[in-house]
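What follows is each chain in one-letter form.
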Amino acid sequence: MKDSILNLAVDYPLLNMFWTMLMIFLWVLWFFLLFRIIGDIFRDDELGGWGKSGWTVFVILLPFLGVFVYLIARGRGMGERDLKRAQRNEEEFRSYVRQSGGTGSQAEELSQLAELKNRGEITEAEFQQAKAKVLTA
């Protein structure tokens, strides 16, 4: 039993191991590309239902031809759609942070009040009143 396992390792040359690793890498790369294209099909707002179903059937039934035709026909738009989607997500995130963050920290508000007082735009009494309001909030 032990000798058969050892012989199996000896009978598998180094170049065959590299070839196997290359095939596995290409196989995984192919699936990443396939999933990326199917994801792009479903996330595209410009395609209608029939267009999405047509491209999906084409990519699934004839995967190599479907993927290559999709990349030729709509490949340039994939990057543009990803960029627009990333910009939209970034803007939504920033607006969420602005809404949930409020007007700013107490230190920022106090420094603005002190600057207004130093420029003479508000009096000492107004400064103290606004400072108390900031500190209690």
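Everything below is about the structure printed above this text.
None of the values given here were measured: they were computed from a predicted structure.

Draft legend 1. Examining the overall build of the chain more closely. In terms of helices and strands, the chain carries six helices and zero strands. Going from N to C terminus, the chain has its helices and strands arranged as α-α-α-α-α-α. In the chain, which comprises 137 residues, the proportion classed as buried is 18%. For the chain, the proportion of contacts with a sequence separation of at least 24, taken over those separated by at least 6, is 42%. Accessible surface for the chain amounts to roughly 11000 Å². Of this, 66% is attributable to carbon and sulfur atoms.

Draft legend 2. A look at helix H5 (residues 106-119). Given a rise of 1.5 Å per residue, 14 residues ought to cover 20 Å, and the 20 Å separating the end C-alpha atoms of H5 matches this to within 8%. Positioned one or two residues after H5, Gly120 has a phi angle of 85°, which is positive.

Draft legend 3. The arrangement of helix H2 (residues 14-43) in detail. An ideal rise of 1.5 Å per residue puts 44 Å on 30 residues; H2 measures up with 43 Å between its terminal C-alpha atoms. Turning to H2, its buried residues number three or more, namely Trp30, Leu34, Ile37, Gly39, Asp40 and Ile41.

Draft legend 4. The packing of aromatic side chains, seen in detail. Per the stated rule, a full pass over the model turns up six aromatic pairs. Arranged with centres 4.9 Å apart and planes meeting at 85°, the rings of Trp27 and Phe31 form a pair that is edge-to-face. Of this pair, Trp27 and Phe31 both sit in helix H2, four residues apart, which is roughly one turn of that helix. In this structure Trp27 comes out as exposed when scored by relative accessible area, which is 54%. Joined through ring pairs, the aromatic side chains of Trp27, Phe31 and Phe35 make up one cluster. For Lys117, the ring lying beneath its charged end belongs to Phe127, and the centroid distance is 4.7 Å.

Draft legend 5. Broad picture of the nonpolar core. Core analysis: the largest hydrophobic core is formed by 10 residues, namely Trp30, Leu34, Ile37, Ile41, Leu47, Trp55, Val59, Val67, Tyr70 and Met78. Counting residues per element, the ones that place at least two in this core are H2, helix H3 (49-61) and helix H4 (63-101). Top contributing element to this core by residue count: H2, with four residues. Not counting chain neighbours up to four residues away, the residues in contact with Val67 comprise Trp30, Leu33, Leu34, Ile37, Val59 and Leu62.

Criteria and thresholds
Residues numbered from 1 in each chain as written. Predicted model: local features only at pLDDT ≥ 70, side-chain atom pairs only at ≥ 80, totals over all residues. Heavy atoms only, no water. Helix = DSSP H or I, 4+ residues; strand = E, 2+ residues; numbered from the N terminus. Buried < 20%, exposed > 50% of the residue type's maximum accessible area, 1.4 Å probe, protein only. Contact = heavy atoms within 4.5 Å. Areas by Shrake-Rupley, 256 points an atom, 1.4 Å probe, with all protein chains shown as cover. Expected span 1.5 Å × (residues − 1). Phe/Tyr/Trp six-rings, centres within 6.5 Å; stacked < 30°, edge-to-face > 60°. Lys NZ or Arg CZ within 6 Å of the ring centre and 35° of its normal. Core = buried A, V, L, I, M, F, W, Y, C linked by side-chain atoms within 4.5 Å.

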